[in-house]
Amino acid sequence: IYTDGASKGNPGPGGYGVVMEMVGTPYKKEFFEGFRYTTNNRMELLAVIVGLEKLKAPKTSVLVVSDSKYVVDSVEKGWVFGWEKKNFKDKKNPDLWMRFLKIYRQHNVKFMWVKGHNSHPQNERCDELAVMASQQKNLNIDNKSFVKLEKSKHKGIQNNLNNIKVLFEKEFQISFSKRTNRLT
């Protein structure tokens, strides 16, 4: 399984690409999906999850090839298992890591890291699929709690700007138009 994720902006529109091949056979399948508001790491991890979920037989021995140090190191160095023991406290993407562990445990999975954008044919194809997915017109919505969290961050910024505006109006005895947010 070859995987890649992409996002334009971080967060921003993104997607993943998966190429599945079976050694010694002509079998080859490609999968991709785009989301309107996500991160690169979420797409890297989701690509691996989707690839593993496509396996039909339990206990399949599979090699996952990824250019994501985030994903490869988290598994190969055992970090994700420590995070799981601590309920993913203060870790990003717990929804995806839990989904990953569920499918990961159903198979015999090994990981191999490859340098991205380094002329590896399947990695390059996954990148093309991920970028193409991120540019589709009708993008899906990523995990609702993730979007809600990110929107709340933006709402917090907006609240801070409103507070600054109020202080500015009081300090300099000026007012802003509510309609245009410009000085009146």
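Scope of this entry: the structure provided in the associated data block. (Residues numbered from 1 in each chain as written. Predicted model: local features only at pLDDT ≥ 70, side-chain atom pairs only at ≥ 80, totals over all residues. Heavy atoms only, no water.)

1. A look at helix α1 (residues 40-53)
Between its terminal C-alpha atoms α1 stretches 20 Å, which fits the 20 Å expected from 14 residues at 1.5 Å a residue. Here α1 lies mainly inside the structure; 11 of its 14 residues are buried. Taken residue by residue, α1 has Arg42, Met43, Glu44, Leu45, Leu46, Ala47, Val48, Ile49, Val50, Gly51 and Leu52 as its buried positions. (Helix = DSSP H or I, 4+ residues; strand = E, 2+ residues; numbered from the N terminus. Expected span 1.5 Å × (residues − 1). Buried < 20%, exposed > 50% of the residue type's maximum accessible area, 1.4 Å probe, protein only.)

2. Considerations on the packing of aromatic side chains
What characterises a pair of aromatic rings is the spacing of the ring centres plus the angle enclosed by the ring planes. Within the structure shown, the criterion is met by six aromatic pairs. Between Trp83 and Trp97 the ring centres are 5.6 Å apart and the planes differ by 75°, which places this aromatic pair in the edge-to-face class. Of the two residues, Trp83 sits in helix α3 (residues 79-85) while Trp97 sits in helix α4 (residues 94-104), which places them 14 residues apart along the sequence. One aromatic cluster is present, built from ring pairs that chain together Tyr70, Phe81, Trp83, Trp97, Phe100, Tyr104 and Phe111. (Phe/Tyr/Trp six-rings, centres within 6.5 Å; stacked < 30°, edge-to-face > 60°.)

3. Here we look at unusual backbone geometry
Here the bond from Asn10 into Pro11 is cis, since omega is 20°, no more than 30 degrees from zero. Tracing the chain through its elements places Pro11 in the loop between β1 (2-7) and β2 (12-21). A positive phi is found at Lys59, a non-glycine position, where the angle reads about 60°. Looking at the element boundaries, Lys59 is found in the loop between α1 and β4 (61-66). Owing to a relative accessible area of 53%, Lys59 belongs among the exposed residues under this scheme. A positive phi is found at His117, a non-glycine position, where the angle reads about 55°. For His117, the location among the structural elements is in the loop between β5 (108-113) and α5 (121-134). Its relative accessible area of 59% is what places His117 among the exposed residues.

4. Some thoughts on the side chain of His107
By the secondary structure assignment, His107 is in the loop between α4 and β5. Looking at His107, its side chain comes within polar contact range of the main-chain oxygen of Ala57, at 3.5 Å. Among residues more than four places away in sequence, those in contact with His107 are Leu52, Leu55, Ala57, Pro58, Lys59 and Thr60. (Polar contact = N/O pair within 3.5 Å; in protein donor to acceptor, adjacent residues only side chain to side chain. Contact = heavy atoms within 4.5 Å.)

5. Focus on the nonpolar core
Soluble globular proteins tend to pack their nonpolar side chains together in the buried interior. Ranked by internal contacts, the top residues of the largest apolar core, which has 31 residues, are Ile1, Tyr16, Leu46, Leu52, Trp97, Phe100 and Phe111. Core analysis: the next-biggest nonpolar cluster, separate from the first, contains six residues, Tyr2, Val65, Val114 and Leu129 among them. (Core = buried A, V, L, I, M, F, W, Y, C linked by side-chain atoms within 4.5 Å.)

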